[in-house]
Structures are given as structure tokens and as C-alpha cells.
Amino acid sequence: MLIKKTLIVFVSLIVFVSTAYNTEAKKEESGKIIKIDNCLRAGDFSPIYPIFSEFENTKNNKFELRDLLKANYIDIIKVTPNADDELKFEDQTFKWTAVEADDGKFKEQSDEAFDKIVYYAAYFNTDRFTKATIKVSSHHLFEVYLDGEMISSKYSVDTKKKDKGKASKSIETELGKHRLIIKVLYSGKCDLKRFISAEIKLDEEFENADLSISISPERIMKVQDIYTGTKISSARISPEGSMTMLRFKRWLPEDKSETWTEIRNIASGKTIKSFRRSNVRSLTWGNDDKTIMYKVSSGKKQSLFLFNIETNIETPVLENMDKLGACYLSPDNSFVVYSIKLKADDETGAMLRTYGMQDRWPGFRDRNFLYKVDIASGQKRQLTFGRQSTDIHDISPDSKRILFSTSTPDYIERPFDKQDMFILTIDNMKLETLWENKRFSVSASFSPDGKQLLLTGGPSAFGKTGENIGSQKIANNYDMQLYIYDLASKKASPITKKFNPSVKGSFWSPVDNNIYILGQDETYYRLFKYAVLSQTMSGIESGADVCGSFSVAAKKLAACYTGVSMTSPRKAFSIDLTNNQFKIIADPEKETYKNVKFGQTENWDFKNKDGVRIEGRVYYPPNYDKSKKYPLIVYYYGGTSPVSRSFGGRYPFNIYTANGYIVYVLQPSGATGFGQEFSAAHVNNWGLTVADEIIKGTKEFLAAHQSADPTKVGCIGASYGGFMTMLLQTRTDIYAAAISHAGISSISSYWGEGWWGYAYSAEASADSYPWNNRKLYVDQSPLFNADKVKTPIMLLHGTADTNVPIGESLQFYAALKILGKEVELIRINGSDHLVVKHSQRIEWHNTIIAWFGKWLKESPARWDNLYPEKNY
């Protein structure tokens, strides 16, 4: 056996936004050249040839140096060098060390007669979208990687000194820092000098771009960060509080993704069980810390199992079921109540009848009915039947009763559904009706003693009992409230009537008889405790701006939740509810963002014409200098939901600031979480006052922030916010560029054509219809005011949008084109209301950045590259 020691040099050139190191630039006719004269070096690594490499393979090929070079010794995607960091390969470890080029070359000892691997690393930063060529030269073999992807290579060894072995690649780069890695194999078979050199030549039209070289990995946030690495989506605490069930997601190539669940011990952080790469779905906790319940799919069939995480024993509960839906384990662990879908017959033929507005919704004609299975015997029986679906809400603490509801369409009276609520005693099938034909539906659960219900519903759920709307006429029933319903007296008592946050989740603890709440508090999602005996509310510090997937242990005062902040990605937390001490239990994105520099943020509010505080916040660029001028992006929704202080997402404010913008996010009146009177302002408004608030807020913000350029202000919103973007341009010319995603141009056509248009309008346009309120449906619709638009506007819309059909943008586009206005329509092929495919989301994001760059930065190159003019 012949074992040859070979040393390959990986040259990793990674360039960021930091100070340039002795960057040499020279102007040539074809463009400006920036030579890389500083980098980080790690080596020397000695790889070993594989056994039997001296023999030919079945294709008569020998193992060559190029084969050794192609071997992926280190996952370059994960390599982000920093000075003095260690780089390891098997038992070899070297530190990254800063080195300087000698006459433009990074030189090795030329008298070495053996193979070796060396890594060089540097970063380059650009201040705009840029086209350039990367050229790397060496007498030896190498591969060149840009941001983890191989872009060029040289797989031969020069034989003569005059040979100029090189590899060049034209590139297009977004604004920001980019990682360039050159992987070099210095061969003992080549007696020519050992060196590597690299340069970046800007295309002639991009000579004015500011491109700098550095060895610091510090960088700004980029859109790829949102789709890189593992993300956490939820955290559910076990009944006894010692375990947590964590749900993770990871994006894969070709718009695919991977999701999985892990069971971890909260105290130790140890993973007890992972369900990665399995067909296990819908995991929930049983009634102790060792039992979980889940479904397993096999084709169109599903089975239900109980699993003991201590013994690894899986117990079948239901096997090979068709159309298995929600499953509830009884508190005494003796039975499961489950739902089976009765699928409607497929309708065929040329003429199809529509049975009400909801008949457009997928699955409207299907029905769900409840069944019970005894775990010990496996005996099953059907609990419900009929014309309407039955939806289970809860099983009583003594496991004797189930709480369920039905819903019936009623197109005569808004909100066009009526709810019936029942309690069924399982043993004797005795049915108790709690209410019938309730206009505003609620969700319900039993109190710990089973004598009361905890209800979640709108302010009008029980008439005027839960309303606190001040001078407003109609409550906003998207503003969720809590009620305690006494089963003996059948009376509901509101407990959050004077509590401004909107309820997003609640749990009535059997341990201390208090109710724990996840509440949307203005633009925060916070934790609260309602003391039932004293009828008092208190806040719980969580360590996050926006909490989610809040769950409380049934047998211990402990909870788990996820949380994000304005400049911090999602983490999982646990909290001891006896002293409100919390800790992070999962932070999967820590590595992704460890080198990312965020700008400062601050709150900035103003008062509308009626003296009402309008909440807002500001995101500044990472290297903000208040003495300079910056373009401004104004973001809003304007509908019934506030823009929370979330991180990343579809409208990543931190990436907008990384691109050199100040971002101002404001929350006009009408949103939930600010109190019922504030949210009720949304009803029958449709931008009447909201547009004025956005305009006033923008003007006052500009007056208070001299660094924001008043001639370079853009605005953007989606869905209802897209409607607001369209409407704003008919009311003002203070914006230099506007973007509407999935916006509504005609309130009446959205009301009738959108799948949920009439249902949303049941609150947003309560008791107003096209035939009785022309002022709202026509006069406040952007389409009927299109002639007043002066601002360049881009309309983005999914071609398969069922919520706000694409016709809303098509008709506004047609109007503006006929009027000779500056307008672009970008259709997102196959997308519904939300852009889901991550490849489309990146292109969609780049389109937004390109449009603002064209109009707010006088930099049209990115836009022209994405959407070149064609002679159509």
C-alpha cells in the first residue's frame, strides 16, 4: 500500500464591511481592479491518499491530485474565519492568522517538495448591487468558492514558469459582505513557485461601487439568513414541567423543508428523544412527563399511538384510519376522543351549483364527527352525527363530559355564522345545550373544578356585557377577550373588559387556580397572570418582545414559550411561574447571527388629530451617522392587526436597514391590543382616518429626524397594508416610491370576490354593504381615485391569491397605465396571498429592494438586471 501525504491549500478570502486592508485599486479601460492583499491563513494540513489509489478504477482512471482537491475536507459553507479562531480537520488543528501579500501574491516556501493544504480567507463588501469578475492565479490546483458555492476551479499543475494558471468567473453580488474561499492544493510534483493571488475587477458600469476588502467576519443581515440553518417554531411544556417538546424547521434545496420534533429535559438540556426523519406527526403530550401521543401516516391511512419515552414502548390506539382528524386524550388516560372527516362527493359536470359564500372554501362541504376509543379494549363508538360538523373544545377534568360546538351559516346577519355549544355526558349520552344561535362564536375550556368554562371571544360575544368601546359605535370582534362562564347559572362574566391587550392564548392552572395569558399588548406579545380570587391582572417578564406557542404545565407552575425581539431571532424559553425566573433552553440560530451587526432601534410615537397616541418605532442602519442623509422606508399594515416587534419574516426591517435605509414602522388606529375603543376605530373606516395618520406620522417623523431625506421616502404595505399603499398615493405626493403587495383597489370587488372578503368585512365594514354605503365602497376605493396618483408604484401579487384576488392589482394597474402613471405589476407565479416558496421569497425580496433602490437611491442597476426592458 502506497500512502502519499498531500497538502492542499484552501484559500478562503472573505470580505466584509469593515476597514479595508491596504486595498490596491487600479483603473483600466475595462474596469477597476481591486487586488486582495490581506487575508487569513490556516495550515498546513496533510491529507492522506485513499488505500489502493495506485491502481486504476473500473473506468481505467487513476486517483489524481484533482480527485484529492475535489474531496470536501471541510464544509466550506460552515467556515467563517476570524483571526485566532481554530480550524480543525481530524487530528490536525491550525489557527487563522492574518497575512499580507508580497507583490500581490500570498507566497509559500518554494523549496517544499511535498503536498500540503493551506486555507486563506478574506471578505469583500459592496455598497450596492455589483457585477464583477473574480480572478485567481496559481501554478497549482485550486477551487474558488463564493458564499459557500464553488464558482471556478483549476485542476491542472503548470509545467513551465511562463504558464499563467488562472480561473476567472463573472459574478453578481448584492449589497453587503461576501465570503470568498480559495481551496488550493500545492503539489510536490510541481517545482514552480508556490503562491496564490486573487483580484476582483468591477465591470465598467459599476466602477463607482465602493468595494472594500477585510479579514473581519462582522457583517450586516442578508435575506439568506432567514433561510439558513435550523429554526425553532414552537415549545410545549410537559404536564409535570420537567420536559419540553421542541419543534424545528430547516429549509432544503428545491423549495423543500424538513420539520421535526425533539423531546428535551429542561434542567439538563439533554435530548431524550428525536423524531427527525420519521413520518411521525401531530405530537402532543399525554398526561404525564413520560407519555406522548402522535399520528403515523402510511399512504392515505393514519394511525394513532401512545409512546413511553422512558421505555421506548409504542402502544397503538387507532390503526389504519381514513380521514383521521383532531385527537384528545382524556385526563384519566382511559380513552381518546377523535374526529373523522366525512368527505363530500366530488362534483362533476359543466354546471356547478354554489351553496352559499363559504362553498368556495376548500373542504366546506366536508363534515367532521366525533368518536371515542377505549384505550384498554380498543372499543370504538360514534358520538356525533348530522348535517353540521362537531368540533371538540375540551374534555372535563373528571373525564366524564366533553365540550363541543357546531356552526351553521347564516347569511342574513353578520358575522354570517351561528354557534351552538353543548356538553355531552359520555356514559349516558345525555346532551346539555349551553346556547344556540350565538352570533359571535367563542372557544371554550373547562375550569380546573369542571364547574365553569373559560371562554375566548370578541367583545360582543355576550351582547354588550364584554364591550368597552367608549364613543365608538361598533366593537371590533377581532379584539379577543376572556370570559368566565358559570355552568350552573349559565352566566358569562368578562374578565378582560378593561384589559387593553388582546388575548392570544390562555390556560386555567389547576395548581394555583390562576389564569395565565398570552396577550398582544400593543406591538408586543406578553405574558400575564389573572388572579381569579382577587380579580387582578399582573405582567410576567419573559425576556422577549414577542412571545409565542405559550404552554403551561398542568401539574406544576412552569411554562415554555418561544420569543423574538426586534434584533434577535426566535429562541425557546422556560419559566418558573413561582418566581418568574426564565431561561433560554434552545437558541438554534445563535451561530448564524454571531457576526451580524444590527443597527439601533427606538420607539417613536406621535398623536393624531384627536390627540390619540399612535405607536411607532425606528430601525437605524448598522453604521448610522446622524450627520448623513438616509432614504426612509415607511411600513404599516393599517388593518385590525398591529405590526408586531418580530424578527425576520416576510418584511425584514433589519435587512432594509442593512441596505442603507432608515425604517419607520407605525401602528395607526384600529388595531387590536391597544384597548377596545382603539380597535373599534377600524370598523367602517377603510383608511378614512388611517391614511391621514400615516401621512401625519411621516411628516412629523421627517421633521424630527434630520438624517431622513424628505425627498427619498418610500412606503410599503401588504394585504390591507397594500390597500393603504394604493389609497395613500391618491391622498399625498410625499412619497417618492410605493409598493403594494396583494393590495385591495376596490373594496366592493374584494368584498364579493375574495374567499374571505365578506367575512372580514363583517367586522371591517360592519353592517355596511355596496348598496347602502357608496361613500365607503366607492369613494374610499383607490381604483375610483386612480387619477390622483403621482408616485411611482409597484404592485406585487400572487397569481393564485384567493384571499385578495389578483384582479385587485390588475384593475389598478390598468387604470394607472391608461392614465400614463409610473407603475409596475410583478406577478408572483403560482403564489397565494402569502409568498411561501423560499426561492420565490428571495426573488420577491430582491424585487422590493431593487424598486426602492431605483427610486430612493438613484441606483436602477438591480432593477434593470432583474427586469430588463423588452420590446413587447
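Since the structure is predicted, the reported quantities are computational estimates derived from the model, not experimental observations.

Criteria and thresholds
- Starting afresh in each chain, residues are numbered from 1 along the sequence in its written order.
- Selection of residues for local features in this predicted model requires a pLDDT of at least 70, selection of side-chain atom pairs for listing and counting requires 80 or more, and totals for whole chains, interfaces and linings are taken over all residues.
- To get the side-chain values, take all heavy atoms of the structure and skip hydrogens and water.
- Going along the chain from the N terminus, every DSSP run of H or I of four or more residues is numbered as a helix, and every run of E of two or more is numbered as a strand.
- Here the expected span of a helix is defined as 1.5 Å times the quantity of residues minus one.
- The rule is simple: take the accessible area with a 1.4 Å probe, protein chains only, and divide by the maximum for that residue type; under 20% is buried, over 50% is exposed, in between is partly exposed.
- Throughout this description, a polar contact denotes any pair of N or O atoms lying within 3.5 Å of each other; where both atoms belong to protein, one of them has to be capable of donating a hydrogen while the other can accept it, and for residues adjacent in sequence the pair is counted only when both atoms sit in side chains.
- Working rule for contacts: check all heavy atoms of both residues, and any pair within 4.5 Å makes them a contact.
- Put simply, two rings from Phe, Tyr or Trp (the six-membered ring, in Trp's case) pair if the centres are within 6.5 Å, and we call them stacked under 30 degrees between planes, edge-to-face over 60, tilted for the rest.
- Interaxial angles span 0 to 180 degrees and are taken between N-to-C directions of axes, which are lines fitted to C-alpha atoms, for helices over the stretch in contact.
- Oblique is the label for any angle not covered by the other classes, which are roughly parallel (under 35 degrees), roughly antiparallel (over 145) and roughly perpendicular (65 to 115).
- Put simply, Ala, Val, Leu, Ile, Met, Phe, Trp, Tyr, Cys and Pro go in the nonpolar bin, Asp, Glu, Lys and Arg in the charged bin, and everything else, Gly too, in the polar bin.
- At least two DSSP bridges between two strands are needed for those strands to be called paired.
- Between Lys or Arg on one side and Asp or Glu on the other, a salt bridge is scored when a side-chain nitrogen of the former is within 4 Å of a carboxyl oxygen of the latter.
- Distance thresholds for patches are 9 Å for like charges and 5 Å for nonpolar side chains (Val, Leu, Ile, Met, Phe, Trp, Tyr), applied to residues having over 30% relative accessible area and no salt bridge.
- Per-residue and other accessible areas were derived by the Shrake-Rupley procedure at a 1.4 Å probe size, with only the shown protein chains allowed to occlude residues.
- In plain words, nonpolar cores are sets of buried Ala, Val, Leu, Ile, Met, Phe, Trp, Tyr and Cys residues tied together by side-chain atoms within 4.5 Å.
- As a per-residue measure, pLDDT tells how confident the predictor is, with possible values from 0 to 100.
- The path from the first strand over the helix to the second decides the hand: if it runs clockwise while the strands point away from the viewer, the crossover is right-handed.

Quick notes on helix H10 (residues 838-856)
And step 1. Taking 1.5 Å as the rise per residue, H10 with 19 residues should run 27 Å; its terminal C-alpha atoms sit 26 Å apart, in good agreement.
And step 2. The buried fraction of H10 is high, at 15 of 19 residues.
And step 3. Just past H10, the residue glutamate 858 takes up positive phi, approximately 55°.

What about the side chain of lysine 154?
And step 1. With respect to the helices, strands and loops of the structure, lysine 154 is situated in strand S12 (residues 149-154).
And step 2. By relative accessible area, lysine 154 is classed as buried at 6%.
And step 3. Side-chain polar atoms of lysine 154 contact the backbone oxygen of serine 138, separated by 3.4 Å.
And step 4. Reaching out from lysine 154, the side chain makes a polar contact with the side chain of aspartate 158 at a distance of 3.4 Å.
And step 5. In this structure, lysine 154 is in contact with Leu69, Ser138, His139, His140, Leu141, Phe142, Gly165 and Lys166, ignoring residues within four places of it in sequence.

A look at the packing of aromatic side chains
Aromatic ring pairs are reported here in terms of the distance separating the ring centres and the angle at which the planes meet.
And step 1. Counting across every chain of the model gives 59 aromatic pairs.
And step 2. Look at phenylalanine 369 and phenylalanine 385: their rings are 5.9 Å apart centre to centre, the planes differ by 25°, and that puts the pair in the stacked class. With phenylalanine 369 in strand S27 (residues 367-374) and phenylalanine 385 in the loop between strand S28 (380-382) and strand S29 (391-395), the pair connects residues that are 16 residues apart, well separated along the chain.
And step 3. By relative accessible area, which is 3% here, phenylalanine 369 ends up buried.
And step 4. We classify phenylalanine 385 as exposed; its relative accessible area is 71%.
And step 5. An aromatic cluster is built from Tyr478, Tyr637, Trp686, Tyr720, Phe723, Tyr750 and Tyr760, whose rings are joined through pairwise contacts.

Side note on the packing of helix H4 (residues 690-704) against helix H5 (residues 720-729)
And step 1. Contact pair H4 / H5: the axes reach a minimum separation of 10 Å and the direction vectors enclose 75°. The orientation of H4 relative to H5 falls into the category roughly perpendicular. Facing H4, whose interface residues are Val690, Ala691, Ile694 and Ile695, H5 presents Met724, Leu727 and Leu728.
And step 2. Per-class residue counts for the contact of H4 with H5 are 7 nonpolar, no polar and no charged.

Thoughts on the sheet that holds strand S50 (residues 662-666)
And step 1. The strand order across the open sheet built from 8 strands is S45-S48-S50-S49-S51-S52-S53-S54, with neighbouring strands paired in mixed fashion. In the strand order of this sheet, the two ends are held by strand S45 (601-603) and strand S54 (823-828), each with one partner. Recorded for the sheet is a direction-independent mean angle of 15° between the axes of neighbouring strands.
And step 2. Where strand S51 (residues 708-718) and strand S52 (residues 737-741) come together, 5 bridges link them in parallel fashion. Bridged to cysteine 715 within S52 is alanine 738.
And step 3. Contacting strand S53 (793-798) and S54, helix H9 (residues 807-818) runs over the sheet at an angle of about 155° to S53.
And step 4. Running at roughly 160° to S52, H10 makes contact with strand S49 (630-635), S51, S52, S53 and S54 of the sheet.

Description of the pattern of salt bridges
And step 1. What the rule picks out here adds up to 37 salt bridges.
And step 2. Lysine 696 is the salt-bridge partner of glutamate 700, the closest N and O atoms lying 2.4 Å from each other. Of the two residues, glutamate 700 and lysine 696 both sit in helix H4, 4 residues apart, roughly one turn of that helix.
And step 3. Each of Arg41, Asp44, Glu108, Glu112, Lys116 and Arg194 takes part in a single network of salt bridges with overlapping partners.

Concerning a nonpolar patch on the surface
And step 1. Together, Ile51, Phe52 and Phe55 give the surface a local cluster of nonpolar side chains, amounting to about 340 Å² of exposed area.
And step 2. Mapped onto the elements, phenylalanine 55 comes out in the loop between strand S4 (38-45) and helix H1 (65-70).

Section: the pairing of strand S36 (residues 491-494)
And step 1. Two elements, strand S35 (residues 481-486) and S36, share 4 bridges in a ladder whose sense is antiparallel. Directly across from tyrosine 485, in S36, lies its bridge partner alanine 492.
And step 2. In this structure, the hairpin formed by S35 and S36 is closed by a connection of 4 residues, where lysine 490 is found at a positive phi of approximately 55°.

Here we look at the nonpolar core
And step 1. Membership of the largest hydrophobic core comes to 80 residues, with the highest contact counts inside it found for Trp686 and Phe852.
And step 2. No other element matches H10, which puts 7 residues into this core.
And step 3. If sequence neighbours within four positions are ignored, tryptophan 686 has contacts with Tyr720, Phe723, Leu727, Ile744, Ile747, Tyr750, Tyr760, Ser761, Ala764, Ser765, Leu776 and Gln780.

Details of unusual backbone geometry
And step 1. Aspartate 44 follows glycine 43 through a cis peptide bond whose omega is 15°.
And step 2. On the secondary structure map, aspartate 44 appears in strand S4.
And step 3. With a phi close to 65°, asparagine 60 is a non-glycine residue in the positive phi region.
And step 4. Of note, asparagine 60 is situated in the loop between S4 and H1.
And step 5. By relative accessible area, which is 57% here, asparagine 60 ends up exposed.

A short note on the sheet that holds strand S25 (residues 324-329)
And step 1. With antiparallel pairing, the 4 strands of this open sheet are ordered in space as S25-S26-S27-S28. Two strands close off the open sheet at either side, each with one partner strand: S25 and S28. The average undirected angle you get between the axes of adjacent strands in this sheet is 25°.
And step 2. Here S27 pairs with S28 via 3 bridges, running antiparallel. Across the sheet, residue lysine 372 finds its bridge partner in S28, namely arginine 381.

Quick word on the confidence of the model for the protein chain
And step 1. With 96% of its residues at a pLDDT of at least 70, the protein chain reaches an overall mean of 93.
And step 2. Every residue in residues 1-29 scores below 50 in pLDDT, and together they form 160 contacts with partners more than four places removed in sequence or on other chains.

Some remarks on the side chain of histidine 705
And step 1. One can find histidine 705 in the loop between H4 and S51.
And step 2. Using a relative accessible area of 8% as the deciding quantity, one classes histidine 705 as buried.
And step 3. In this structure the side chain of histidine 705 is engaged in a polar contact, spanning 3.4 Å, whose partner is the side chain of tyrosine 620.
And step 4. Among residues more than four places away in sequence, those in contact with histidine 705 are Glu602, Trp604, Val618 and Tyr620.

Looking at the environment of asparagine 476
And step 1. Within the secondary structure, asparagine 476 sits in the loop between strand S34 (452-457) and S35.
And step 2. The spacing of asparagine 476 and phenylalanine 499 is 23 residues in sequence and 15 Å in space, taken between C-alpha atoms.
And step 3. Excluding residues within four positions of it along the chain, asparagine 476 makes contact with Pro459, Thr640, Gly670, Thr672, Ser679, Ala680, His682, Val683 and Glu763.

Regarding the pairing of S52
And step 1. Burial within S52 is extensive, with 5 of its 5 residues counted as buried.
And step 2. Of the two faces of S52, the one lined by Ala737, Ile739 and His741 and the one lined by Ala738 and Ser740 are each fully buried.
And step 3. With respect to chirality, the unit in which S51 leads through H5 into the neighbouring parallel S52 is right-handed.
And step 4. Sheet topology note: the S52/S53 ladder contains 4 bridges and is parallel. In the sheet register, alanine 738 faces S53, and the bridge partner there is isoleucine 793.

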